[in-house]
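Residues per chain are reported as follows:
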Amino acid sequence: MIVSNRGPISFDVTSDGVRPVKSGGGLAGALRPLLARGAKWLAFAMSEADKAATADGQVARHSPGTHLVTIDAASYELAYNVVANQHMWFAHHGLAFDAPGSESENATTNSGWATAWEAFERYNLAMAEAVAATAPPDAAILIQDYHLCLVASALRETRPDLRLVHFSHTPFVGPHEDFLPPPATKRVLEAMSAHHACGFHSHRWADALTGTSRLHGFEPPHTFVSSLAPDLDALTTVATADACRRALHELHSEIGDRLVITRVDRIEPSKNIELGFAAYDKLLNNRPDIHGEVVFCAYVYPSRESLTRYRELKSTIERQVAGINAKHRQPGWDPIVLDMSDDLAGAFAALRRYDVLLVNPLRDGLNLVALEGPMVNDRAGQLVLSTEAGAHDVMGDFAFSIDPTDIVATADAMGRALELGPEARQTRAASLHKMAGSRTPQDWLEDQLEQAG
Ligand code: G6P
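Procedures and definitions
Residues numbered from 1 in each chain as written. Predicted model: local features only at pLDDT ≥ 70, side-chain atom pairs only at ≥ 80, totals over all residues. Heavy atoms only, no water. Salt bridge = Lys/Arg side-chain N within 4 Å of Asp/Glu carboxyl O. Buried < 20%, exposed > 50% of the residue type's maximum accessible area, 1.4 Å probe, protein only. Helix = DSSP H or I, 4+ residues; strand = E, 2+ residues; numbered from the N terminus. Axes fitted to C-alpha atoms, helices over the stretch in contact; angles between N-to-C directions. Parallel < 35°, antiparallel > 145°, perpendicular 65-115°, else oblique. Left-handed = near helix turned anticlockwise from the far one by under 90°. Contact = heavy atoms within 4.5 Å.

1. A look at the pattern of salt bridges
Phase 1: In total, this model carries 20 salt bridges according to the counting rule given.
Phase 2: The salt bridge partner of R263 is D265, with a shortest N-O separation of 2.8 Å.
Phase 3: Relative accessible area serves as the criterion here: at 0%, R263 is assigned to the buried category.
Phase 4: Overall, D265 belongs to the buried group, its relative accessible area being 6%.
Phase 5: Ionic pairing is found between D412 and R416, a salt bridge with its closest N-O pair at 3.0 Å. Linking D412 with R416, this pair stays in helix α16 (residues 407-419), spanning 4 residues, or about one helical turn.
Phase 6: Here R416 falls in the partly exposed class, since its relative accessible area comes to 43%.

2. Regarding unusual backbone geometry
Phase 1: Unusually for a residue other than glycine, N367 sits at a positive phi of about 90°.
Phase 2: Among the secondary structure elements, N367 is positioned in the loop between β13 (356-359) and α14 (369-376).
Phase 3: With a relative accessible area of 6%, N367 lands in the buried category.
Phase 4: Residues other than glycine seldom take positive phi values, yet A380 does so here, at roughly 50°.
Phase 5: Within the secondary structure layout, A380 lies in the loop between α14 and β14 (382-386).

3. Digging into the packing of α14 against helix α17 (residues 422-436)
Phase 1: At a minimum axis separation of 8 Å, α14 and α17 run at an interaxial angle of 120°. It follows that α14 is oblique to α17 by the angle criterion. Judged by the sense of rotation from one axis to the other, the crossing of α14 with α17 is left-handed. Two secondary-structure elements touch here, α14 through L371, P374 and M375 and α17 through L432, H433 and A436.

Right under this line is the structure:
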């Protein structure tokens with residue numbers, strides 16, 4: 001049984017009624033094959049459209065084996081947006097956030113936090129009850145990500161027969177980093193230790209859970225490391241589809257034969273998108289000789305738009321790109337092509353077409369794009385990769401490694417990657433391709449099942 005906040009399918013309200021949307025991303029893609037093997041997938045109904053689709057049977061029809069758990073909208077909002085996304089996400093990524101009860105004008109008040117935390121407990125309990133009611137005896141339960149970190153402690157009591165494996169697609173907060181108010185911190189660490197095993201994409205994040213647990217006096221759970229891998233068949237299907245061919249053609253009419261730097265990301269503070277553009281601006285300042293010869297194709301798509309910080313980040317990026325384009329633009333050349341439309345075919349066209357892929361997160365559980373790009377790229381493209389992405393463990397030997405906070409180093413790495421000689425390009429690109437394909441999503445799944453015993 002798979003358990004996650006976001007399921008393999010969600011629903012949108014259109015003029016024709018409620019319609020299904022297949023969830024993209026590596027998590028859904030890698031876990032979906034389990035449904036075909038008879039697994040059940042429990043996730044939350046995240047919107048009114050999801051609730052309507054649950055009620056009228058569309059979920060079961062479009063995604064057999066999937067069940068969307070429903071709780072009241074106010075509790076869901078507090079659990080998902082306030083506790084999980086405004087606090088835990090930032091803490092696990094080492095990003096600054098407003099501690100509850102702090103002086104900052106955006107901080108949750110102490111009583112606001114207490115209410116949100118109660119909702120988070122209810123949300124986790126609702127999932128634990130749904131699992132307890134439907135899991136077959138001795139089933140392996142694969143719980144995905146930080147949202148559902150408390151489910152195990154309830155299940156240990158009600159269903160001691162179940163084998164509970166937690167997998168974090170994020171990093172984990174380090175022992176000396178800010179986390180939640182003390183009672184919530186203790187609750188999370190205690191609940192994490194109720195799993196039979198907790199998995200991560202990188203040793204660094206597994207060690208962080210162990211260190212943080214010990215510091216707070218908890219016996220750490222057994223941890224394991226298993227990095228997710230791209231699904232070559234699924235990637236090839238999208239990259240060779242007519243929509244992607246058309247997008248490549250359109251891109252070519254826009255940018256011609258110029259050198260291309262690409263990034264593909266969710267609009268997300270941890271992805272460090274602004275520093276990437278600032279580094280490109282620096283590169284253009286330093287190198288007037290490449291003006292008109294290089295284009296930065298940025299496919300960045302909106303996410304978590306109910307949070308102010310995410311909406312503001314989107315506007316900041318739009319302004320920053322407009323400023324850089326206005327500063328360096330020449331007739332017939334815009335230095336940055338920005339696409340925020342969540343256009344999958346366009347993003348894959350940019351991945352096929354890049355000479356340099358920029359992946360510069362401040363901290364990232366894995367970053368699947370760093371592996372997907374080299375699998376589909378047609379141009380012996382190079383990878384500029386943050387040392388703080390879990391993907392660096394896999395791809396670092398053949399990438400241009402960067403400290404993501406260093407603008408000068410990022411600009412320099414992009415410049416060196418663009419200028420690499422043809423032979424070195426081919427050799428490095430072949431190694432990147434080989435490393436990206438060294439594991440499959442099936443390997444990752446089997447590792448989790450093995451931990452469940
Ligand atoms: C990260 C998390 C996933 C999450 C995804 C999209 O990859 O690890 O659990 O589903 O971001 O975020 P969202 O809040 O839209 O589900």
